[in-house]
Amino acid sequence: MATFGTAVATNQNPNKSVEVAQPPSDSVSSLCFSPKANFLVATSWDNQVRCWEISRSGAAVASVPKASISHDQPVLCSTWKDDGTTVFSGGCDKQVKMWPLLSGGQPVTVAMHDAPIKEVAWIPELNLLVTGSWDKTLKYWDTRQSNPVHTQQLPDRCYALTVKHPLMVVGTADRNLIVFNLNNPQTEFKRIPSPLKYQTRCVAAFPDQQGFLVGSIEGRVGVHHLDDSQQSKNFTFKCHRDGSEIYSVNSLNFHPIHHTFATAGSDGAFNFWDKDSKQRLKAMSRCGQPIPCSTFNSDGSIFAYSVCYDWSKGAENHNPATAKTYIYLHLPQESEVKGKPRVGTSGRK
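- Identification of the protein as Protein RAE1 from Melia azedarach is taken from an unreviewed UniProt entry.

**Re the overall build of the protein**
For step 1, the next point in the chain: Along the backbone of the protein there are one helix and 30 strands.
For step 2, the next point in the chain: Computed over C-alpha atoms, the radius of gyration of the protein comes to 19 Å, within 12% of the 20 Å expected from 2.2 N^0.38 for 349 residues, which places it in the range of a compact globule.
For step 3, the next point in the chain: Each principal axis of the C-alpha distribution contributes one length, and for the protein these read about 50 × 50 × 40 Å.
For step 4, the next point in the chain: Considering the protein as a whole, with its 349 residues, one finds that 55% of them fall into the buried category.
For step 5, the next point in the chain: Taking the contacts inside the protein whose residues are at least 6 apart along the sequence as the reference set, 46% of them involve residues at least 24 apart.
For step 6, the next point in the chain: On the protein, roughly 14900 Å² of surface is accessible, and the fraction owed to carbon and sulfur atoms is 46%.
For step 7, the next point in the chain: Between the centroid of the 35 positive side chains of the protein and the centroid of its 30 negative side chains there is a distance of 5 Å.

**A word on the confidence of the model for the protein**
For step 1, the next point in the chain: Overall, the predicted model of the protein reaches an average pLDDT of 93, with 94% of residues at or above 70.
For step 2, the next point in the chain: Predicted confidence for residues 1–9 stays below pLDDT 50, and this span has twelve contacts to residues more than four positions away or in other chains.

**Observations regarding the nonpolar core**
For step 1, the next point in the chain: With 16 residues, the main nonpolar core has Val28, Leu31, Phe33, Leu40, Ile54, Ile327 and Leu329 as its most contacted residues.
For step 2, the next point in the chain: Counting only elements with at least two residues in this core, the list comes to β2 (28–33), β3 (39–44), β4 (48–57) and β30 (326–330).
For step 3, the next point in the chain: At three residues, the largest contribution of residues to this core is made by β2.
For step 4, the next point in the chain: With residues near it in sequence (within four places) discarded, Ile54 still touches Phe33, Asn38, Leu40, Val61, Ala62, Ser63, Ile302 and Leu329.
For step 5, the next point in the chain: In this structure, Met284, Cys287, Val307 and Tyr326 belong to the second largest nonpolar core, which totals 15 residues.

**Details of the pairing of β4**
For step 1, the next point in the chain: Two elements, β3 and β4, share five bridges in a ladder whose sense is antiparallel. Residue pairing for β4: Val41 is matched across the bridge by Cys51.
For step 2, the next point in the chain: If you look at the hairpin formed by β3 and β4, you'll find three residues sitting between the two strands, and Asn47 has a positive phi there, around 75 degrees.
For step 3, the next point in the chain: Taken together, β4 and the strand that follows it, strand β5 (residues 60–70), pair antiparallel across an intervening segment of two residues, in which Gly58 is found at a positive phi of about 65 degrees.

Quick notes on the rules
- Residues numbered from 1 in each chain as written.
- Predicted model: local features only at pLDDT ≥ 70, side-chain atom pairs only at ≥ 80, totals over all residues.
- Heavy atoms only, no water.
- Helix = DSSP H or I, 4+ residues; strand = E, 2+ residues; numbered from the N terminus.
- Rg over C-alpha atoms; globule rule 2.2 N^0.38 Å.
- Buried < 20%, exposed > 50% of the residue type's maximum accessible area, 1.4 Å probe, protein only.
- Contact = heavy atoms within 4.5 Å.
- Areas by Shrake-Rupley, 256 points an atom, 1.4 Å probe, with all protein chains shown as cover.
- Lys, Arg positive; Asp, Glu negative; His and termini not counted.
- Charge placed at Lys NZ, Arg CZ, Asp CG, Glu CD.
- pLDDT = per-residue confidence, 0-100.
- Core = buried A, V, L, I, M, F, W, Y, C linked by side-chain atoms within 4.5 Å.
- Pairing = 2+ DSSP bridges.

What follows is the structure, given as C-alpha coordinates:
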(Lines give C-alpha, C1' and ligand atoms only; values in the text may rest on other atoms or scores of the structure.)
Protein backbone atom coordinates (compact mmCIF):
# COMPACT_ATOMS: atom_id res chain seq x y z
CA MET A 1 0.00 0.00 0.00
CA ALA A 2 1.25 3.45 -0.88
CA THR A 3 1.95 5.52 2.19
CA PHE A 4 0.41 8.96 2.17
CA GLY A 5 3.78 10.61 2.58
CA THR A 6 6.77 11.58 0.58
CA ALA A 7 6.62 8.54 -1.71
CA VAL A 8 3.53 9.73 -3.58
CA ALA A 9 3.46 13.35 -2.52
CA THR A 10 5.14 14.26 -5.80
CA ASN A 11 1.84 13.93 -7.66
CA GLN A 12 -1.00 15.47 -5.73
CA ASN A 13 -2.61 16.60 -8.99
CA PRO A 14 -2.50 13.82 -11.59
CA ASN A 15 -5.74 15.08 -13.18
CA LYS A 16 -4.17 18.48 -13.95
CA SER A 17 -6.89 20.33 -12.07
CA VAL A 18 -6.62 24.04 -11.27
CA GLU A 19 -5.17 24.71 -7.84
CA VAL A 20 -7.01 27.18 -5.59
CA ALA A 21 -4.79 29.97 -4.27
CA GLN A 22 -3.89 30.21 -0.57
CA PRO A 23 -5.52 26.98 0.68
CA PRO A 24 -6.13 26.30 4.39
CA SER A 25 -3.17 25.39 6.62
CA ASP A 26 -4.87 22.18 7.79
CA SER A 27 -7.24 19.59 6.34
CA VAL A 28 -10.47 20.71 4.67
CA SER A 29 -13.69 19.43 6.25
CA SER A 30 -16.31 20.83 3.85
CA LEU A 31 -16.64 22.65 0.54
CA CYS A 32 -19.70 24.49 -0.80
CA PHE A 33 -20.37 26.79 -3.73
CA SER A 34 -22.79 29.70 -3.59
CA PRO A 35 -26.06 28.84 -5.36
CA LYS A 36 -25.93 32.21 -7.13
CA ALA A 37 -22.31 32.85 -8.14
CA ASN A 38 -18.91 31.17 -8.23
CA PHE A 39 -17.95 31.84 -4.64
CA LEU A 40 -16.39 28.78 -3.02
CA VAL A 41 -16.35 28.31 0.75
CA ALA A 42 -14.09 25.85 2.59
CA THR A 43 -14.09 24.96 6.28
CA SER A 44 -10.97 23.57 7.89
CA TRP A 45 -9.44 21.94 10.93
CA ASP A 46 -7.40 25.15 11.32
CA ASN A 47 -10.58 26.82 12.78
CA GLN A 48 -11.12 28.94 9.68
CA VAL A 49 -13.88 29.46 7.13
CA ARG A 50 -12.53 30.86 3.86
CA CYS A 51 -14.15 32.15 0.68
CA TRP A 52 -12.66 32.46 -2.80
CA GLU A 53 -14.08 34.11 -5.87
CA ILE A 54 -13.67 31.73 -8.81
CA SER A 55 -13.62 33.23 -12.29
CA ARG A 56 -13.62 31.33 -15.54
CA SER A 57 -12.79 32.32 -19.08
CA GLY A 58 -13.04 29.31 -21.36
CA ALA A 59 -10.68 26.68 -19.98
CA ALA A 60 -8.81 29.23 -17.83
CA VAL A 61 -9.89 29.32 -14.19
CA ALA A 62 -8.62 31.72 -11.52
CA SER A 63 -9.26 31.88 -7.76
CA VAL A 64 -8.96 34.98 -5.61
CA PRO A 65 -9.21 34.76 -1.79
CA LYS A 66 -12.10 37.02 -0.82
CA ALA A 67 -12.64 36.81 2.95
CA SER A 68 -12.37 34.56 5.98
CA ILE A 69 -13.71 34.22 9.52
CA SER A 70 -12.57 32.22 12.56
CA HIS A 71 -14.18 29.76 14.93
CA ASP A 72 -12.70 28.85 18.32
CA GLN A 73 -12.18 25.21 17.29
CA PRO A 74 -12.08 23.14 14.08
CA VAL A 75 -14.95 23.84 11.68
CA LEU A 76 -16.71 20.76 10.29
CA CYS A 77 -19.55 21.93 8.03
CA SER A 78 -20.88 24.79 5.94
CA THR A 79 -23.78 25.79 3.74
CA TRP A 80 -25.07 28.84 1.87
CA LYS A 81 -28.39 30.61 2.16
CA ASP A 82 -30.36 30.15 -1.07
CA ASP A 83 -30.01 33.83 -2.03
CA GLY A 84 -26.22 33.54 -2.07
CA THR A 85 -25.65 36.33 0.46
CA THR A 86 -24.87 34.40 3.63
CA VAL A 87 -22.77 31.44 4.80
CA PHE A 88 -23.47 29.21 7.80
CA SER A 89 -20.62 27.25 9.43
CA GLY A 90 -20.52 24.92 12.42
CA GLY A 91 -18.08 22.69 14.20
CA CYS A 92 -16.27 21.63 17.35
CA ASP A 93 -17.05 24.87 19.22
CA LYS A 94 -20.68 23.58 19.27
CA GLN A 95 -22.07 26.64 17.51
CA VAL A 96 -23.14 27.77 14.07
CA LYS A 97 -22.06 31.16 12.84
CA MET A 98 -24.06 33.13 10.30
CA TRP A 99 -21.72 35.16 8.12
CA PRO A 100 -23.27 37.88 5.92
CA LEU A 101 -20.43 37.49 3.47
CA LEU A 102 -21.65 39.57 0.54
CA SER A 103 -22.49 42.60 2.66
CA GLY A 104 -19.17 42.38 4.51
CA GLY A 105 -20.93 41.99 7.85
CA GLN A 106 -19.60 40.33 11.00
CA PRO A 107 -20.52 36.72 11.81
CA VAL A 108 -23.05 36.09 14.59
CA THR A 109 -23.85 32.88 16.46
CA VAL A 110 -27.30 31.59 15.46
CA ALA A 111 -27.31 27.99 16.73
CA MET A 112 -25.89 26.03 19.68
CA HIS A 113 -25.59 22.35 20.61
CA ASP A 114 -24.16 20.38 23.55
CA ALA A 115 -21.53 18.68 21.36
CA PRO A 116 -19.78 19.40 18.03
CA ILE A 117 -22.03 20.24 15.09
CA LYS A 118 -21.32 17.87 12.20
CA GLU A 119 -23.91 18.99 9.64
CA VAL A 120 -25.75 22.16 8.70
CA ALA A 121 -28.28 22.83 5.93
CA TRP A 122 -30.49 25.73 4.92
CA ILE A 123 -34.11 24.91 4.02
CA PRO A 124 -35.35 27.81 1.87
CA GLU A 125 -38.92 26.48 1.68
CA LEU A 126 -39.21 26.74 5.48
CA ASN A 127 -36.83 29.68 5.91
CA LEU A 128 -35.12 27.58 8.59
CA LEU A 129 -31.62 26.32 9.32
CA VAL A 130 -31.24 22.68 10.37
CA THR A 131 -28.24 21.51 12.40
CA GLY A 132 -27.16 17.96 13.21
CA SER A 133 -24.85 17.28 16.14
CA TRP A 134 -22.93 14.60 17.99
CA ASP A 135 -25.25 15.40 20.93
CA LYS A 136 -27.77 13.10 19.13
CA THR A 137 -30.16 15.88 18.18
CA LEU A 138 -31.32 17.76 15.12
CA LYS A 139 -32.40 21.34 15.68
CA TYR A 140 -34.39 23.68 13.43
CA TRP A 141 -33.60 27.39 13.77
CA ASP A 142 -35.26 30.63 12.80
CA THR A 143 -32.09 32.72 12.64
CA ARG A 144 -33.88 35.73 14.16
CA GLN A 145 -34.51 33.81 17.40
CA SER A 146 -32.02 32.55 19.97
CA ASN A 147 -33.82 29.28 20.73
CA PRO A 148 -34.50 26.45 18.28
CA VAL A 149 -37.97 26.22 16.75
CA HIS A 150 -37.86 22.44 17.31
CA THR A 151 -35.41 19.87 18.69
CA GLN A 152 -35.58 16.37 17.25
CA GLN A 153 -34.00 13.47 19.15
CA LEU A 154 -31.90 11.11 17.03
CA PRO A 155 -31.06 7.50 17.92
CA ASP A 156 -27.34 8.34 17.83
CA ARG A 157 -24.80 10.98 16.75
CA CYS A 158 -25.48 12.76 13.44
CA TYR A 159 -22.80 11.78 10.89
CA ALA A 160 -24.39 12.91 7.61
CA LEU A 161 -27.31 15.00 6.40
CA THR A 162 -28.90 15.83 3.07
CA VAL A 163 -31.86 18.08 2.21
CA LYS A 164 -33.83 18.29 -1.03
CA HIS A 165 -37.19 19.65 0.05
CA PRO A 166 -39.45 17.98 1.04
CA LEU A 167 -36.95 15.15 1.60
CA MET A 168 -34.35 15.17 4.38
CA VAL A 169 -32.21 12.17 5.29
CA VAL A 170 -29.99 11.96 8.39
CA GLY A 171 -27.33 9.28 8.76
CA THR A 172 -26.52 8.42 12.37
CA ALA A 173 -23.61 6.65 14.07
CA ASP A 174 -25.64 3.46 14.58
CA ARG A 175 -26.07 3.08 10.78
CA ASN A 176 -29.68 4.23 10.86
CA LEU A 177 -30.93 6.46 8.05
CA ILE A 178 -33.73 8.66 9.34
CA VAL A 179 -36.01 10.06 6.66
CA PHE A 180 -38.05 13.22 7.23
CA ASN A 181 -40.82 14.72 5.14
CA LEU A 182 -40.19 18.44 5.67
CA ASN A 183 -43.87 19.18 5.13
CA ASN A 184 -44.12 17.63 8.61
CA PRO A 185 -40.60 18.19 9.97
CA GLN A 186 -41.27 17.31 13.61
CA THR A 187 -41.89 13.61 13.01
CA GLU A 188 -39.78 10.87 11.50
CA PHE A 189 -41.24 9.71 8.21
CA LYS A 190 -39.25 6.48 8.07
CA ARG A 191 -36.26 4.84 9.73
CA ILE A 192 -34.18 2.63 7.46
CA PRO A 193 -31.20 0.51 8.52
CA SER A 194 -28.36 1.33 6.14
CA PRO A 195 -28.06 -1.10 3.20
CA LEU A 196 -24.31 -0.93 3.88
CA LYS A 197 -22.71 -2.98 6.66
CA TYR A 198 -20.29 -0.32 7.89
CA GLN A 199 -20.32 3.22 9.26
CA THR A 200 -22.16 5.84 7.22
CA ARG A 201 -19.91 8.60 5.91
CA CYS A 202 -22.13 10.61 3.53
CA VAL A 203 -25.67 10.82 2.12
CA ALA A 204 -27.15 12.65 -0.90
CA ALA A 205 -30.83 13.07 -1.76
CA PHE A 206 -31.86 12.30 -5.34
CA PRO A 207 -32.61 15.51 -7.28
CA ASP A 208 -36.18 14.20 -7.82
CA GLN A 209 -36.52 13.54 -4.04
CA GLN A 210 -37.49 9.90 -4.69
CA GLY A 211 -34.60 8.42 -2.73
CA PHE A 212 -31.01 8.91 -1.68
CA LEU A 213 -27.44 7.67 -1.95
CA VAL A 214 -25.44 6.55 1.08
CA GLY A 215 -21.67 6.04 1.22
CA SER A 216 -19.72 4.15 3.87
CA ILE A 217 -16.19 3.73 5.18
CA GLU A 218 -16.08 0.37 3.37
CA GLY A 219 -15.74 1.62 -0.21
CA ARG A 220 -19.38 1.07 -1.09
CA VAL A 221 -22.39 3.16 -2.11
CA GLY A 222 -26.07 2.27 -1.66
CA VAL A 223 -28.77 3.55 -4.02
CA HIS A 224 -32.07 3.57 -2.15
CA HIS A 225 -35.58 4.48 -3.35
CA LEU A 226 -38.20 5.48 -0.77
CA ASP A 227 -41.32 4.21 -2.52
CA ASP A 228 -42.06 0.59 -1.63
CA SER A 229 -42.94 -0.13 -5.27
CA GLN A 230 -39.44 0.95 -6.35
CA GLN A 231 -37.48 -1.35 -4.03
CA SER A 232 -36.42 -3.55 -6.95
CA LYS A 233 -34.36 -0.60 -8.19
CA ASN A 234 -32.26 -0.49 -5.02
CA PHE A 235 -28.67 -1.69 -5.30
CA THR A 236 -25.22 -1.22 -3.80
CA PHE A 237 -21.90 -1.07 -5.59
CA LYS A 238 -18.23 -1.13 -4.69
CA CYS A 239 -15.91 1.80 -5.39
CA HIS A 240 -12.73 3.42 -4.04
CA ARG A 241 -10.91 0.11 -3.74
CA ASP A 242 -7.53 -1.03 -4.91
CA GLY A 243 -7.13 -4.80 -4.78
CA SER A 244 -7.57 -5.75 -1.14
CA GLU A 245 -7.23 -2.14 0.03
CA ILE A 246 -10.61 -0.60 0.84
CA TYR A 247 -11.12 3.14 1.27
CA SER A 248 -13.87 5.32 2.68
CA VAL A 249 -16.38 7.05 0.40
CA ASN A 250 -16.22 10.58 1.83
CA SER A 251 -18.41 12.65 -0.46
CA LEU A 252 -21.44 12.21 -2.76
CA ASN A 253 -22.52 15.07 -5.05
CA PHE A 254 -25.28 15.08 -7.65
CA HIS A 255 -24.63 17.03 -10.84
CA PRO A 256 -27.16 19.91 -10.81
CA ILE A 257 -28.04 19.57 -14.52
CA HIS A 258 -27.49 15.95 -15.58
CA HIS A 259 -28.38 14.34 -12.21
CA THR A 260 -25.48 11.94 -12.46
CA PHE A 261 -23.23 11.94 -9.39
CA ALA A 262 -19.67 12.08 -8.16
CA THR A 263 -18.02 10.02 -5.43
CA ALA A 264 -14.77 11.06 -3.73
CA GLY A 265 -12.76 8.83 -1.44
CA SER A 266 -9.81 8.29 0.84
CA ASP A 267 -7.99 6.55 -2.02
CA GLY A 268 -7.48 10.03 -3.47
CA ALA A 269 -9.80 9.42 -6.44
CA PHE A 270 -13.05 10.93 -7.63
CA ASN A 271 -15.39 9.22 -10.08
CA PHE A 272 -18.53 10.14 -11.97
CA TRP A 273 -21.48 7.71 -12.09
CA ASP A 274 -24.95 7.30 -13.59
CA LYS A 275 -27.28 5.47 -11.19
CA ASP A 276 -30.02 5.01 -13.81
CA SER A 277 -27.83 3.04 -16.21
CA LYS A 278 -25.75 1.63 -13.31
CA GLN A 279 -22.43 2.57 -14.84
CA ARG A 280 -19.33 4.56 -14.11
CA LEU A 281 -18.99 7.43 -16.56
CA LYS A 282 -15.42 8.39 -15.72
CA ALA A 283 -12.70 7.31 -13.31
CA MET A 284 -10.10 9.96 -12.48
CA SER A 285 -6.49 9.29 -11.53
CA ARG A 286 -5.68 8.92 -7.84
CA CYS A 287 -4.17 11.89 -6.04
CA GLY A 288 -1.38 11.42 -3.48
CA GLN A 289 -3.64 12.02 -0.45
CA PRO A 290 -7.31 11.36 0.43
CA ILE A 291 -10.19 13.51 -0.84
CA PRO A 292 -12.32 14.31 2.24
CA CYS A 293 -14.90 16.53 0.50
CA SER A 294 -16.09 17.79 -2.87
CA THR A 295 -18.87 19.84 -4.47
CA PHE A 296 -20.27 21.06 -7.81
CA ASN A 297 -20.97 24.71 -8.52
CA SER A 298 -24.55 25.76 -9.32
CA ASP A 299 -24.48 24.85 -13.03
CA GLY A 300 -22.16 21.84 -12.71
CA SER A 301 -19.39 23.40 -14.81
CA ILE A 302 -16.86 23.26 -11.94
CA PHE A 303 -16.19 20.37 -9.55
CA ALA A 304 -14.18 21.40 -6.48
CA TYR A 305 -12.37 18.84 -4.31
CA SER A 306 -9.81 18.96 -1.55
CA VAL A 307 -6.73 16.74 -1.32
CA CYS A 308 -5.30 16.44 2.19
CA TYR A 309 -4.87 14.16 5.17
CA ASP A 310 -8.29 12.96 6.30
CA TRP A 311 -7.33 11.98 9.88
CA SER A 312 -8.62 8.42 9.30
CA LYS A 313 -5.35 6.99 10.56
CA GLY A 314 -5.16 9.29 13.57
CA ALA A 315 -2.67 11.91 14.70
CA GLU A 316 0.24 9.47 14.76
CA ASN A 317 0.10 9.20 10.95
CA HIS A 318 -0.05 12.96 10.46
CA ASN A 319 3.25 14.60 9.64
CA PRO A 320 2.77 18.39 9.65
CA ALA A 321 6.16 18.82 7.97
CA THR A 322 5.11 16.99 4.79
CA ALA A 323 1.33 17.34 5.00
CA LYS A 324 -0.03 19.95 2.66
CA THR A 325 -3.63 20.84 1.92
CA TYR A 326 -4.86 21.45 -1.61
CA ILE A 327 -8.17 22.52 -3.09
CA TYR A 328 -8.56 21.76 -6.79
CA LEU A 329 -11.05 22.76 -9.46
CA HIS A 330 -11.89 20.27 -12.20
CA LEU A 331 -13.90 21.33 -15.26
CA PRO A 332 -16.03 18.28 -16.13
CA GLN A 333 -16.37 17.39 -19.80
CA GLU A 334 -19.94 16.63 -20.82
CA SER A 335 -18.91 13.02 -21.54
CA GLU A 336 -17.83 12.66 -17.89
CA VAL A 337 -21.11 13.80 -16.33
CA LYS A 338 -23.88 13.26 -18.88
CA GLY A 339 -25.74 9.99 -18.45
CA LYS A 340 -25.66 7.40 -21.21
CA PRO A 341 -28.29 4.77 -21.98
CA ARG A 342 -27.11 1.35 -20.91
CA VAL A 343 -25.71 -0.71 -23.77
CA GLY A 344 -28.33 -3.14 -25.00
CA THR A 345 -31.28 -1.14 -23.68
CA SER A 346 -33.46 1.47 -25.31
CA GLY A 347 -32.39 3.91 -22.58
CA ARG A 348 -35.05 5.82 -20.73
CA LYS A 349 -33.52 9.27 -20.69
